[in-house]
Amino acid sequence: MTRAGTAGSGGRGRTGALAVLAALTVAAATAGCTAQAVGQPHAAPPAPERSAATGTPDAEPPVPPAPTPTAAASSPEAPEVPGVPETSEPPSPTPDPQGETLMADGSQGERVRELQARLRQIGHFDRDPTGYYGSVTAASVRSFQGKRGLVRTGRTDTLTWQKLLGMTRVPTATELDPPTTRPVAKPDKRCLTGRVLCISKNSRTLSWMIDGRVVSSMDVRFGSQYTPTREGTFSVYWKSRDHVSTIYHTAMPYAMFFSGGQAVHYSADFAARGYAGASHGCVNVRDKARIAALFDEVKNGDKVVVYG
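Sequence positions are assigned chain by chain, starting from 1 and proceeding in written order. Two thresholds apply to this predicted model, a pLDDT of at least 70 for residue-level local features and 80 or more for giving and counting side-chain atom pairs, whereas whole-chain, interface and lining totals are computed over all residues. The basis for every side-chain value is the complete set of heavy atoms in the structure, and neither hydrogens nor water enter the calculation.

Colleague: Residue-level account of the state of the cysteines, with values.
Modeller: We call a pair of cysteine sulfur atoms a disulfide when they lie within 2.5 Å. The final tally for this structure, using the stated rule, is one disulfide. Residue pairing for Cys191: its cysteine sulfur links by disulfide to Cys198, the two sulfurs lying 2.1 Å apart. Handedness here is read from the sign of the S-S torsion; for Cys191 and Cys198, about 80°, the answer is right-handed. Accessible area is worked out with a 1.4 Å probe on protein chains only. A residue is then buried under 20% of its type maximum, exposed over 50%, and partly exposed in between. On the accessibility criterion, Cys198 (3% relative accessible area) is buried.

Rendered as structure tokens:
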């Protein structure tokens, strides 16, 4: 073997070594190895690939995006509380099956007078209309309601009024405003001249007379045996339209004083209870409209005659 041949084989040897080194480099690259810089931490190995044959996906499924909240979901519902309604509004009151109350205890006026006159037509009110709704009127209404199968409230409601209207006629002027409950007594002779309030205890009536002529009459009530109404001839010395008793602290409308603290005046108690009660000595009138008209006509100095 010559030197040239040796040199040639040496060159071939280097070439072969280079080829082997290049092959190793390619093999390392295809095996996934990467160069690691000096002083840098080792990188985490990649996650092992999963085989499709195992039925497991090759990668973790992506997290689905959160649903966009709707208007209803943006404010969570309050938990339901058993027995509590969903709405905070109070329940509506149950309407009265007999309708609205039109008149009741304490009411007064022409409509009350008509009610009393209609009740009297069918036997549920045993006196002349007074225009005042008191215990007597309430009892009469309860009697009517009981006969008609209505709730016995004593108040005149829509249904009670409609039934009463259907069973009665329109009251006449005399039915609405009769002069007195009882016949007017023959006037005392002292009442036959001048302007006189002529008051009879026997007939329980008062007649307003001018020169022997009866202008108007009305029912009256007197004091009890412990506070009797004085008899005799007097005169009106003071009038007080909205008077209130300083002794008993009760209202005495349209008061016409004739003897000390005794006066002719309107009495709501007389209008409500009739002759079941008594005054403290005054002459009570229960027809408010009549005494109001009388109050406007009577003058201070007019005569007052009270007799048995």
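Colleague: Requested: an account of the side chain of Gln145, with residues and values cited.
Modeller: As for its position among the elements, Gln145 is in helix H4 (residues 135–147). Residue classification places Gln145 among the buried positions, given a relative accessible area of 0%. As used in this structure description, the phrase polar contact means that two N or O atoms lie within 3.5 Å; if the pair is within protein, one of them must be able to donate a hydrogen and the other to accept it, and residues adjacent in sequence are counted only when both atoms belong to side chains. A polar atom in the side chain of Gln145 sits 2.9 Å from the backbone oxygen of Arg155. Any pair of residues with heavy atoms lying within 4.5 Å of one another is described as a contacting pair. With sequence-adjacent residues up to four places away left out, Gln145 is seen in contact with Gln98, Leu150, Val151, Arg152, Thr153, Gly154, Arg155, Asp157 and Thr160. We count a stretch as a helix when DSSP gives it H or I for four or more residues in a row; a strand needs E for two or more, and each element gets its number in order from the N terminus.

Colleague: Tell me what's going on with the sheet that holds strand S8 (residues 251–259), and back it up with residues and numbers.
Modeller: As summarised here, the arrangement of the nine strands in space is S6-S11-S3-S4-S5-S10-S9-S8-S7, forming an open sheet in which the pairing is mixed. On the outer flanks of this sheet lie strand S6 (232–235) and strand S7 (238–244), each paired with one strand and no other. Ignoring strand direction, the axes of neighbouring strands in this sheet form an average angle of 30°. In terms of strand pairing, strand S3 (residues 195–200) meets strand S4 (residues 205–210) through six bridges, oriented antiparallel. Bridging across to S4, Leu197 finds its partner in Trp208. When DSSP locates at least two bridges between a pair of strands, those strands are taken to pair. In this description, a line fitted to the C-alpha atoms serves as the axis of each element, helices being fitted only across the stretch in contact, and the angle between N-to-C directions of two axes falls anywhere from 0 to 180 degrees.

Colleague: Tell me what's going on with the packing of aromatic side chains, and back it up with residues and numbers.
Modeller: Two aromatic rings from Phe, Tyr or Trp, using only the six-membered ring of Trp, form a pair when their centres are within 6.5 Å; if the ring planes differ by under 30 degrees the pair is stacked, by over 60 it is edge-to-face, and anything between is tilted. Scanning the model with the defined rule gives five aromatic pairs in all. Between Phe234 and Phe258, the aromatic rings sit 5.4 Å apart at their centres with planes inclined by 55°, giving tilted as the arrangement. Placement of the pair is Phe234 in strand S6 and Phe258 in strand S8, with a sequence separation of 24 residues. Note on accessibility: Phe234 and Phe258 belong to one class, buried. Note on Phe270 and Tyr275: the rings are 5.1 Å apart at their centroids and 65° apart in plane angle, and the pair reads as edge-to-face. Taking the relative accessible area as the measure of exposure, Tyr275 reaches 23% and is therefore partly exposed. Pairwise contacts between aromatic rings join Tyr237, Trp238 and Phe257 into one cluster. In this analysis the charged atom, NZ for Lys or CZ for Arg, is taken to sit over a ring once it is within 6 Å of the ring centre and within 35 degrees of the ring normal. Its guanidinium or amino end placed over the ring of Phe222, Lys201 lies 6.0 Å from that ring's centre, counting from NZ or CZ. Its end group placed over the ring of Phe295, Lys239 keeps NZ or CZ at 4.4 Å from the ring centre.

Colleague: Hey, could you go over the pattern of salt bridges for me, with residue numbers and the actual values?
Modeller: The term salt bridge refers to a pairing of a side-chain nitrogen on Lys or Arg with a carboxyl oxygen on Asp or Glu at a separation within 4 Å. This structure, assessed with the given rule, holds 16 salt bridges. Between Arg113 and Glu110 there is a salt bridge, with the nearest N and O atoms lying 3.8 Å from each other. Taken together, the residues Arg113 and Glu110, both in helix H3 (residues 110–121) and three residues apart, mark about one turn of the helix. Residue Arg113 is classed as buried on the basis of its relative accessible area, which comes to 4%. Of the charged contacts in the structure, one is a salt bridge between Asp269 and Arg273, with a shortest N-O distance of 2.9 Å. Taken together, the residues Asp269 and Arg273, both in helix H7 (residues 268–273) and four residues apart, mark about one turn of the helix. With relative accessibility at 37%, the residue Arg273 sits in the partly exposed group. Beyond isolated ion pairs, a larger network of salt bridges with shared partners links Glu110, Arg113, Asp177, Asp287 and Arg290.

Colleague: A description of the confidence of the model for the protein should follow, citing residues and the corresponding values.
Modeller: Any region with low pLDDT has predicted coordinates that should not be read closely. The score called pLDDT rates the predictor's confidence residue by residue, from a low of 0 to a high of 100. Summary statistics for the protein give a mean pLDDT of 80 and a share of 69% for residues scoring 70 or more. Counting interchain partners and residues more than four positions distant, the pLDDT-below-50 stretch residues 1–11 has two contacts. Every residue in residues 22–61 is under pLDDT 50, and counting partners more than four places away or in other chains gives ten contacts.

Colleague: Provide a residue-level description of helix H5 (residues 158–167), including the pertinent values.
Modeller: Within H5, the full set of buried residues consists of Thr160, Trp161 and Leu164. Seen from one end, H5 has its buried residues packed into an arc of 95°, which puts them on one side. Between the side-chain oxygen at the start of H5 and the backbone nitrogen of Leu159 there is a gap of 3.3 Å, and the oxygen is on Asp157. Note: the arc covers the axis-to-C-beta directions of the helix.

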